[in-house]
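Observations on the model geometry
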Amino acid sequence: MSSKSRIRLFKTIGFKITLWYSLSVVVILLIAGSFLYFRLKHKLIKEVDRVLLDESVEILQESSGDEYIQNDIKITIEKMSSDKKFHKISVRLLDVEENKFITSKDFFNPDAQIYEESITKAEERGESTFETIRFEGMSFPYRVLTIPIHHGDSLKYILQISFYLKSTYKSVENIEENFIMLIPVFIILSIAGGWLIARNSLAPIENINRTTRKITASNLGMRLSPTHAGDELDELTKTINLMLNRLEESFRKIVQFTSDASHELRTPIASIKTGTEVILSKGRTAEEYRELHESNLRELEKITRMISDLLILLRSDSGIKNLHPKSFNLGNTLKELQDTFMLISETKKIYLSIDEISDIQISGDETLLRRVFSNLLDNAIIYTSPGGCVNISLEDREDEVIVRIEDTGIGISESDLGKIFDRFFRVDTSRSRETGGTGLGLNICKNIVELHKGKIEVKSKLGAGSTFEVTLPKDLTNS
């Protein structure tokens, strides 16, 4: 394996999971093994202490009243030492001056002195003591029980019972050796198990990798197969599929937007081209040149307006929020718009009215909101026949305002209501082209209103007119 391949292997999640899993197993084994080792050793020593106490009771039962029958005790000690018991016990009985009195044949060290601490406890407190004593040349220590024996109120004898801990330590060492022998097996099993767990756990990620590499602009409809395991990777798969849904929808909109924009620009450009060709085809009168240039100018204005609208939508789609909010009087703005559109409505013989509007201060981008209401008034006048009416009203609520623009125009069918705010959509294509509409106005209105955290809705009946409602928060910063 090359060095680069090894580096890549060490960086993989599978390797890291396996490593941590194996290290965790090793640490757990070491902690558990150490605990079991010391716990077992402690329990076996406690068992030895219990045996020593039982043997001491058997020896002390040879006493009669306050006097010890020495020969009987000696016989009991010798019998205990020579008896083929599972536990080999050795005993000695000393007087308080530490002179040897009775000692079993196999006592571990007849010349060994009793520890001062043991004598103190025996004399002053009358307490028995357990000690683990090591002697030079001995591979294993002895467990020694020292018991004070009183005659009346005075200490007469000190009884010592010992147990060679070879069998105890051997049992512990055997278990320790077996455990150490098993550690490599456990480590190998943990590595294999960790690797299998990592591979199985990361298999969905490999599937995600393979599938996402195949997804291009031409096959955005591809989706990841969910595992239905209900785990985090299943959630990741669902999230990626939702992201792909949004990308596919966005890409579809971009393609549609590009197609529609190209289609819309083709007509005025073709008209300009035709007009220019007519101008160049032969000599014309000054009046004819003027008419052709005016026609080209109108088409150029359409293109300019469309490009301006497209730039607004592009900034909106890109998440660029060029808002310049400030406090302004919405009532005054609506009155100014009525005055602006009054001449147009009178020319078309349409009655433009406005309800009594109080001064209402709201926070927002006045320029953009003025464009919203201008577009709505412009549409209302365009789609209202001579003799019709257009009305502006303003409703003041606690934290928001509602602007309504009603007309008695051609109305919108129920099938078109859901598409009215789509880009390049026109209710009446022929009339829109005559008036120079691009089909972007209502979509721009919707984007501007949503930038202001408001909403725009329409109610309409075919042949009876339409009502557009714009709901805006009074304070943009707190909404």
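Anything mentioned here points back to the structure above.
Residues numbered from 1 in each chain as written. Predicted model: local features only at pLDDT ≥ 70, side-chain atom pairs only at ≥ 80, totals over all residues. Heavy atoms only, no water.

**Thoughts on the sheet that holds strand E13 (residues 455-461)**
Here is the rule we go by: In this description, strands pair whenever DSSP reports at least two bridges between them. For the purposes of this entry, the term helix denotes a DSSP run of H or I that reaches at least four residues, the term strand denotes a run of E that reaches at least two, and both are numbered from the N terminus. With axes taken as lines fitted to C-alpha atoms, and helix axes fitted only over the stretch in contact, angles between N-to-C directions fall between 0 and 180 degrees. Note on contacts: a residue pair is in contact if any heavy atoms of the two residues lie within 4.5 Å.
The strand order E9-E11-E12-E14-E13 describes an open sheet built from 5 strands, whose pairing is mixed. In this open sheet, the two strands that pair with only one neighbour each are strand E9 (351-354) and E13. When strand polarity is set aside, the average angle formed by the axes of neighbouring strands in this sheet is 15°. The pairing of strand E11 (residues 389-396) with strand E12 (residues 400-407) spans 7 bridges and is classified as antiparallel. From the neighbouring strand, isoleucine 392 faces E12, where its bridge partner is isoleucine 405. Each of E9, E11 and E12 touches helix H8 (residues 330-347); the most contacted strand, E9, lies at about 170° to it.

**With respect to helix H12 (residues 441-451)**
Counted only if it meets this: Working definition: with a 1.4 Å probe on protein chains only, accessible area under 20% of the residue-type maximum means buried, over 50% means exposed, and in between means partly exposed.
Turning to H12, its buried residues number three or more, namely Leu442, Asn443, Ile444, Cys445, Asn447, Ile448 and Val449. Just downstream of H12 lies lysine 453, where phi reads positive at about 60°.

**What about the side chain of arginine 404?**
Selection rule: In protein, a polar contact requires one atom able to donate a hydrogen and another able to accept it; more generally it is a pair of N or O atoms within 3.5 Å, and residues adjacent in sequence count only if both atoms are side-chain atoms.
Position of arginine 404 relative to the elements: it lies in strand E12. Among the polar contacts made by the side chain of arginine 404, one reaches the side chain of glutamate 395 at a distance of 2.9 Å.

**Here's the deal with helix H9 (residues 366-382)**
Inclusion rule: A helix is expected to reach a length of 1.5 Å times the quantity of its residues less one.
Spanning 17 residues, H9 covers 24 Å between terminal C-alpha atoms, matching the ideal 24 Å at 1.5 Å per step. What H9 keeps buried is the set Glu366, Leu368, Leu369, Val372, Phe373, Ser374, Asn375, Leu376, Leu377, Ala380, Ile381 and Ile382. By the N-cap criterion, in which a side-chain oxygen at the helix start approaches the backbone nitrogen of a residue two or three places on, H9 is capped by aspartate 365, the distance to threonine 367 being 3.2 Å.

**Concerning the nonpolar core**
Across soluble globular proteins, nonpolar side chains show a tendency to be buried alongside one another. Quick note on the threshold: In plain words, nonpolar cores are sets of buried Ala, Val, Leu, Ile, Met, Phe, Trp, Tyr and Cys residues tied together by side-chain atoms within 4.5 Å.
Membership of the largest hydrophobic core comes to 44 residues, with the highest contact counts inside it found for Leu330, Phe373 and Leu376. Contributing elements (two or more residues each) for this core: helix H7 (286-317), H8, H9, E11, E12, H12, E13 and strand E14 (465-473). At 8 residues, the largest contribution of residues to this core is made by H9. Contact partners of leucine 330, with chain neighbours within four places excluded, come to Ile360, Ile362, Phe373, Leu394, Val401 and Val403. In this structure, Ile45, Leu159, Ile161 and Tyr169 belong to the second largest nonpolar core, which totals 18 residues.

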